[in-house]
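Chain by chain, the residues run as shown.
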Amino acid sequence: MPVVLHTPETMQQQAAQWRRQGLRIGCVPTMGYLHEGHTSLIELAARHAEQVVVTIFVNPTQFGANEDLDRYPRDLEGDLAKCAAHGATAVFLPQAGDMYAPDASTWVNETTLSNGLCGQNRPGHFRGVTTIVCKLFWTVLPDVAVFGEKDAQQLRVIERMVRDLNIPVEIIRGPIVREADGLAMSSRNAYLSTENRQRALALSRALHAAQSAFAQGERCAETLARQVRSLIAAGVDLVDYVEVVDDATLVPVAGRISRPVLIAVAARLGETRLIDNVVLAP
Ligand code: AMP
């Protein structure tokens, strides 16, 4: 079983000891309720580092007032078993009170990539993400950290933060892991009723249709966006956004696609908000 560390201080001491021993540290930040998307990242980290730390922390600062912080799913026992089975050597499991002083007043704020897509509907979300990831990096002292392409905007925001703040951590991208029928794995899928689980397929199917159209030569950003939007709208309760953006800058693309684009989507089924994406490269 991996060693479980509960406080930032004990985690830092363990990490410092590994570093003195010349061991490379890999970090996989998560909010728990682990699935095969997460375990694929743990395995990826284990290919780059001798010590693999999975952090499990439902970070309150990245949740909005009306979001699902209080009901976010948890399964600590199951998570520890999955960490062990997939090569984690340590699990960092802090309490919110140990990560944030009650009068904490310092934030990490990425100010460009964070603004669009999920940033529009979730004000303050990426400030919470960049702040906690920066804090986790100072606690786990990793050489490499692995993030999933499922959260495409988050991944790019973290890469930008690491570049801009000269953080000596290599960011590794892990591909999206999907259920057999195409639904992107997510801890939030646990919220879906049987009916909504079926309707949720609209997201991955719409993106798959866009991928096929693109492969057959469709290069108009608006046409692709319109197709994706109408396929998703038919299945979900509310489309938060469907956007075709530059893969690197996340700036919306208009007209002919001549460079890699990210098609990013967010939609709601009942109370559940799901996201998915695909990258299309000419
Ligand atoms: P979360 O626990 O949802 O905060 O996710 C923790 C990490 O796992 C993030 O880097 C996510 O991008 C990644 N992740 C979540 N779902 C998937 C998936 N289906 N495939 C690949 N990575 C994922």
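Up top is the structure.
Let us look at the structure shown here. From a predicted model like this one, the values you see are computed outputs, not experimental measurements.

This paragraph deals with the side chain of Arg122. Its location among the elements puts Arg122 in the loop between helix 5 (118-121) and helix 6 (125-140). Polar side-chain contacts of Arg122 include one of 2.6 Å to the side chain of Glu67. Other than its neighbours up to four places away in sequence, Arg122 contacts Gln62, Phe63, Glu67, Arg188 and Arg273.

So, on to helix 9 (residues 201-215). For helix 9, built from 15 residues, the straight-helix expectation of 21 Å at 1.5 Å per residue is met to within 8% by its first-to-last C-alpha distance of 21 Å. Among the residues of helix 9, those classed as buried are Leu201, Ala202, Leu203, Ser204, Ala206, Leu207, Ala210, Ala213 and Phe214. Buried residues belonging to helix 9 abut helix 8 (194-199), helix 10 (221-233), strand 8 (261-269) and strand 9 (272-280). Remark: Gly217 follows helix 9 within two positions and exhibits a positive phi of approximately 110°.

What follows is about the sheet that holds strand 2 (residues 25-30). Either a parallel or an antiparallel arrangement is found when strands of a sheet pair, and the pairing is made through backbone hydrogen bonds. One open sheet holds the six strands; their spatial order is 1-4-3-2-5-6, and the pairing between them is parallel. What marks the edges here is a single partner per strand, and that holds for strand 1 (3-5) and strand 6 (170-174). If you compare each strand with its neighbour and ignore which way they point, the axes differ by 25° on average. Sheet topology places strand 2 next to strand 5 (residues 144-148); two bridges connect them, and they run parallel. In the sheet register, Gly26 faces strand 5, and the bridge partner there is Val144.

Ranked by size, the top nonpolar core spans 42 residues in total, and within it Phe137 and Ile171 carry the most contacts. Once residues lying within four places of it in the same chain are set aside, the contact partners of Ile171 are Phe137, Ala145, Phe147, Leu155, Ile158, Glu159 and Val162. Of all hydrophobic cores here, the second largest spans 28 residues; its members include Ala200, Leu201, Val244 and Ile263.

With that out of the way, let us pick up the sheet that holds strand 9. Strands sit in the order 7-8-9 across an open sheet of three strands; the sheet is antiparallel. Single-partner strands in this sheet number two, and they are strand 7 (238-246) and strand 9. Looking at each pair of strands side by side, their axes are set apart by 10° on average, direction ignored. Where strand 8 and strand 9 come together, nine bridges link them in antiparallel fashion. Within strand 9, the residue paired with Arg268 across the bridge is Arg273.

Definitions and limits used
Residues numbered from 1 in each chain as written. Predicted model: local features only at pLDDT ≥ 70, side-chain atom pairs only at ≥ 80, totals over all residues. Heavy atoms only, no water. Helix = DSSP H or I, 4+ residues; strand = E, 2+ residues; numbered from the N terminus. Polar contact = N/O pair within 3.5 Å; in protein donor to acceptor, adjacent residues only side chain to side chain. Contact = heavy atoms within 4.5 Å. Expected span 1.5 Å × (residues − 1). Buried < 20%, exposed > 50% of the residue type's maximum accessible area, 1.4 Å probe, protein only. Pairing = 2+ DSSP bridges. Axes fitted to C-alpha atoms, helices over the stretch in contact; angles between N-to-C directions. Core = buried A, V, L, I, M, F, W, Y, C linked by side-chain atoms within 4.5 Å.

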